[in-house]
Amino acid sequence: MNYYSLNHKAPNTSFKHAVIKGLAPDKGLYFPESITPLPKSFWDNFDNLSYSEIAFQAIKQFVTPEIPEEVLKTIVEETLYFDFPVVKLNDQISTLELFHGPTMAFKDVGARFMARCLGYFNKDNTNEVTVLVATSGDTGGAVANGFLGVKGVNVVILYPSGKVSDIQEMQLTTLGQNIKALEVNGTFDDCQAMVKTAFLDDTLTSKMQLTSANSINVARWLPQLFYFMFAYKQLHKQHNDIVFSVPSGNFGNVCAGMMAQKLGLPIKHFIASNNANNVVTRYLTSKLYEPKPSVQTISNAMDVGAPSNFIRIQEIYKNNFEELKTNLSSYSFSDNETRQAMLEIYNSYNYVADPHGAVGYLGCKSHLEHHPNAHCVFLETAHPTKFLDVVEEVINEKQPLPEQIQSVMGKEKASVVISTYEDLKDFLLN
Ligand SMILES: *Cc1c(COP(=O)(O)O)cnc(C)c1O
């Protein structure tokens with residue numbers, strides 16, 4: 001499959017180059033040249049297919065022939081070794097748990113898939129690729145874990161010193177091998193600014209192949225379409241009119257859901273559930289798209305003021321505002337509402353939601369007020385213990401630490417402290 005740049009000022013390129021480059025030379029996001037709905041035979045047989053078979057069929061057109069079918073089968077199987085259960089809260093609301101992967105964040109799937117694609121492309125290459133990524137918490141752990149031990153790929157993760165949780169820091173700094181953690185004296189925005197400067201720095205990029213592992217990278221973004229198929233498989237016999245409420249930050253996840261719908265998955269409607277960072281909620285009301293600096297919330301993985309994937313959603317709808325509005329609603333919720341929702345979910349259903357999932361739950365409730373016959377699935381994007389402070393404070397109960405989390409606690413932290421872009425450059429060049 002070939003990809004074009006959404007800035008339309010760069011040549012079209014193969015899946016391979018789209019993955020290696022991350023962003024097009026004109027700084028546009030890559031988008032597939034075509035989206036062909038899956039054949040009737042696939043849907044007729046859908047209930048009999050395993051998750052790996054569904055995933056393989058669904059993503060095949062976007063990644064072959066650059067990734068041969070046999071290799072793709074292995075990549076998909078290695079990516080999806082854990083479960084994706086739907087838990088029913090009541091007859092109208094379910095949650096899809098996306099946190100059963102190695103770092104207990106939904107980003108595990110995209111990170112594992114991308115790592116294996118890059119590893120395949122680089123298998124005979126003597127020039128190593130360096131994945132450079134800034135994290136406010138969850139992305140770094142998923143990327144570090146997904147890329148651990150992949151030959152020909154080095155990973156450099158920048159995180160703001162003292163501003164990620166202890167668990168998240170352990171997940172970033174204890175792996176060793178091809179994973180290096182840089183602890184930045186500054187904020188997440190400083191980390192991101194350094195990464196952006198590096199991508200634009202010719203003296204660096206002429207000496208090394210840099211790529212990103214954020215959801216702008218097609219190999220991290222597209223595998224997220226699997227989730228919607230897995231949820232549908234578990235629910236469609238009992239429910240019609242399935243809608244998804246997606247806790248959204250950079251809008252990669254909800255945009256991947258729309259790709260699943262384009263492939264023929266009968267999704268009735270999408271809800272982009274936001275915290276106070278509500279540029280899309282405001283857009284759908286006012287038709288004015290006005291990015292703003294992000295504000296800090298308790299669902300901090302969604303603290304994004306300028307969602308990078310929204311342009312892909314615009315592309316799917318060919319910039320037709322009315323058509324987009326019929327398929328996507330968006331609501332924004334405060335931290336107080338989120339806390340109340342966590343408590344309500346716990347008291348009414350004996351279920352512990354993390355703050356991001358709770359925002360998704362609120363999106364379901366808002367939608368169901370006007371669409372009582374729908375069945376709404378909110379995505380639980382992180383395990384509640386990854387946001388332990390808020391969760392324990394709100395439900396007033398200690399949470400047991402799952403095995404994936406326990407296994408990193410007490411390991412030895414290894415990081416290099418940096419303060420300026422020059423420090424980063426020195427590190428990369430040496
Ligand atoms: C990244 C993340 C999100 C937001 O996903 P996008 O694809 O950026 O919209 C939501 N919840 C959690 C826990 C995340 O880590």
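Placed above this text is the structure.
Scoring rules and cut-offs
- Residues numbered from 1 in each chain as written.
- Predicted model: local features only at pLDDT ≥ 70, side-chain atom pairs only at ≥ 80, totals over all residues.
- Heavy atoms only, no water.
- Disulfide = S-S within 2.5 Å.
- Helix = DSSP H or I, 4+ residues; strand = E, 2+ residues; numbered from the N terminus.
- Buried < 20%, exposed > 50% of the residue type's maximum accessible area, 1.4 Å probe, protein only.
- Near = heavy atom within 4 Å.
- Polar contact = N/O pair within 3.5 Å; in protein donor to acceptor, adjacent residues only side chain to side chain.
- Areas by Shrake-Rupley, 256 points an atom, 1.4 Å probe, with all protein chains shown as cover.
- Nonpolar A, V, L, I, M, F, W, Y, C, P; charged D, E, K, R; others polar.
- Lys, Arg positive; Asp, Glu negative; His and termini not counted.
- Salt bridge = Lys/Arg side-chain N within 4 Å of Asp/Glu carboxyl O.
- Contact = heavy atoms within 4.5 Å.
- Pairing = 2+ DSSP bridges.
- Axes fitted to C-alpha atoms, helices over the stretch in contact; angles between N-to-C directions.
- Parallel < 35°, antiparallel > 145°, perpendicular 65-115°, else oblique.
- Left-handed = near helix turned anticlockwise from the far one by under 90°.
- Core = buried A, V, L, I, M, F, W, Y, C linked by side-chain atoms within 4.5 Å.
- Phe/Tyr/Trp six-rings, centres within 6.5 Å; stacked < 30°, edge-to-face > 60°.
- Lys NZ or Arg CZ within 6 Å of the ring centre and 35° of its normal.

(A) Representation of the state of the cysteines. Taken as a whole and judged by the stated rule, the model has 1 disulfide. With a sulfur-sulfur separation of 2.1 Å, C364 is cross-linked through a disulfide to C376. Between C364 and C376, the S-S dihedral sits near -75 degrees, and the bridge is therefore left-handed. Taken together, the positions of C364 in helix α17 (residues 355-370) and C376 in strand β13 (residues 375-380) put the pair 12 residues apart, joining distant regions of the chain. As far as burial versus exposure is concerned, C364 and C376 are alike and both buried. Not engaged in a disulfide, the cysteine C255 finds its nearest cysteine sulfur in C117; these two sulfurs lie 18 Å apart. Accessibility expressed as a relative area gives 0% for C255, which makes it buried.

(B) Quick peek at the site of the ligand. Close to the ligand lie 15 residues; K107, G249, N250, F251 and T381 are nearest. Between an oxygen atom of the ligand and a side-chain N or O atom of K107, the distance comes to 2.4 Å. The backbone of G252 places a nitrogen or oxygen atom 3.2 Å from an oxygen atom of the ligand. Calculation on the ligand without its partners gives an accessible area of 380 Å², and the protein chains cover 97% of this total. Considering only residue class, the shell around the ligand consists of 6 nonpolar, 7 polar and 2 charged.

(C) Focus on the side chain of E97. Counting through the fold element by element, E97 comes out in strand β5 (residues 93-97). For the buried E97, which has no salt bridge, the nearest side chain bearing the opposite charge is K88, at an N-O separation of 15 Å. For E97, the side chain forms a polar contact with the side chain of Y351, separated by 2.6 Å. With residues near it in sequence (within four places) discarded, E97 still touches D83, F84, P85, V87, Y351 and E380.

(D) Region of the structure containing the sheet that holds β13. Across the sheet, which stays open at both edges, the 6 strands sit in the order β4-β5-β13-β10-β11-β12 with mixed pairing between neighbours. Lying at the two open borders of the sheet, with one neighbouring strand each, are β4 (86-88) and β12 (328-332). Taken over all neighbouring pairs, the strand axes of this sheet differ in orientation by 25 degrees on average, direction set aside.

(E) Just the packing of helix α3 (residues 51-63) against helix α4 (residues 69-79), in detail. With their axes 10 Å apart at the nearest point, α3 and α4 run at an angle of 130 degrees to one another. Taken as axis vectors, α3 and α4 run oblique relative to one another. By crossing handedness, the relation of α3 to α4 is classed as right-handed. Between α3 and α4, the contacting residues are S52, A55, F56, I59, K60 and V63 on the first element and E69, L72, K73, V76 and E77 on the second.

(F) Structural detail: the pattern of salt bridges. All chains considered together, the criterion is met by 13 salt bridges. We note a salt bridge from K386 to D138, for which the minimum N-O separation is 2.9 Å. Here K386, found in the loop between β13 and α18 (388-395), pairs with D138, found in helix α6 (residues 138-147); they are 248 residues apart in sequence, far enough to count as distant. Overall, the relative accessible area of 3% leaves K386 in the buried class. What makes D138 buried here is its relative accessible area of 8%. Of the charged contacts in the structure, one is a salt bridge between K413 and E169, with a shortest N-O distance of 2.9 Å. Remark: E169 occurs in helix α7 (residues 166-173) and K413 occurs in the loop between α19 (403-406) and β14 (416-418); sequence separation between them is 244 residues. On the accessibility criterion, E169 (15% relative accessible area) is buried. Through salt bridges with shared partners, a single network forms among E169, E183 and K413.

(G) Region of interest: the nonpolar core. F147, L225 and M229 are the most contacted members of the largest nonpolar core, which totals 104 residues. In this view, M229 contacts L38, F42, W43, F46, I54, A58, A260, L263 and L265; residues no more than four positions away in its chain are not counted. Counting 28 residues, the second-largest nonpolar core is a separate cluster that includes I271, A341, Y351 and C376.

(H) Highlighting the packing of aromatic side chains. Inspection of every chain in the model, using the stated rule, returns 27 aromatic pairs. When the centroid spacing of 4.8 Å and the interplanar angle of 85 degrees are considered together, the rings of F42 and W43 count as edge-to-face. Exposure remark for F42: the relative accessible area of 6% places this residue in the buried category. The partly exposed category is assigned to W43, whose relative accessible area is 21%. Judged by centre distance (5.1 Å) and plane angle (40 degrees), the ring pair of F82 and F84 falls under tilted. Each of the two residues, F82 as well as F84, counts as buried. Sitting over the face of the ring of F56, K73 holds its NZ or CZ atom 5.0 Å from the ring centroid. A cation sits over an aromatic face here: K123 above Y120, 4.4 Å from the ring centre.

(I) Here's a closer look at the sheet that holds strand β1 (residues 2-5). An order of β2-β1-β3 is seen for the 3 strands of this open sheet, with the pairing classed as antiparallel. Whereas interior strands pair on both sides, the edge strands pair on one side only; in this sheet they are β2 (13-14) and β3 (30-32). Summarising the sheet, β1 and β2 pair through 2 bridges and their orientation is antiparallel. Bridge assignment links Y3 to a residue of β2, and that residue is T13.

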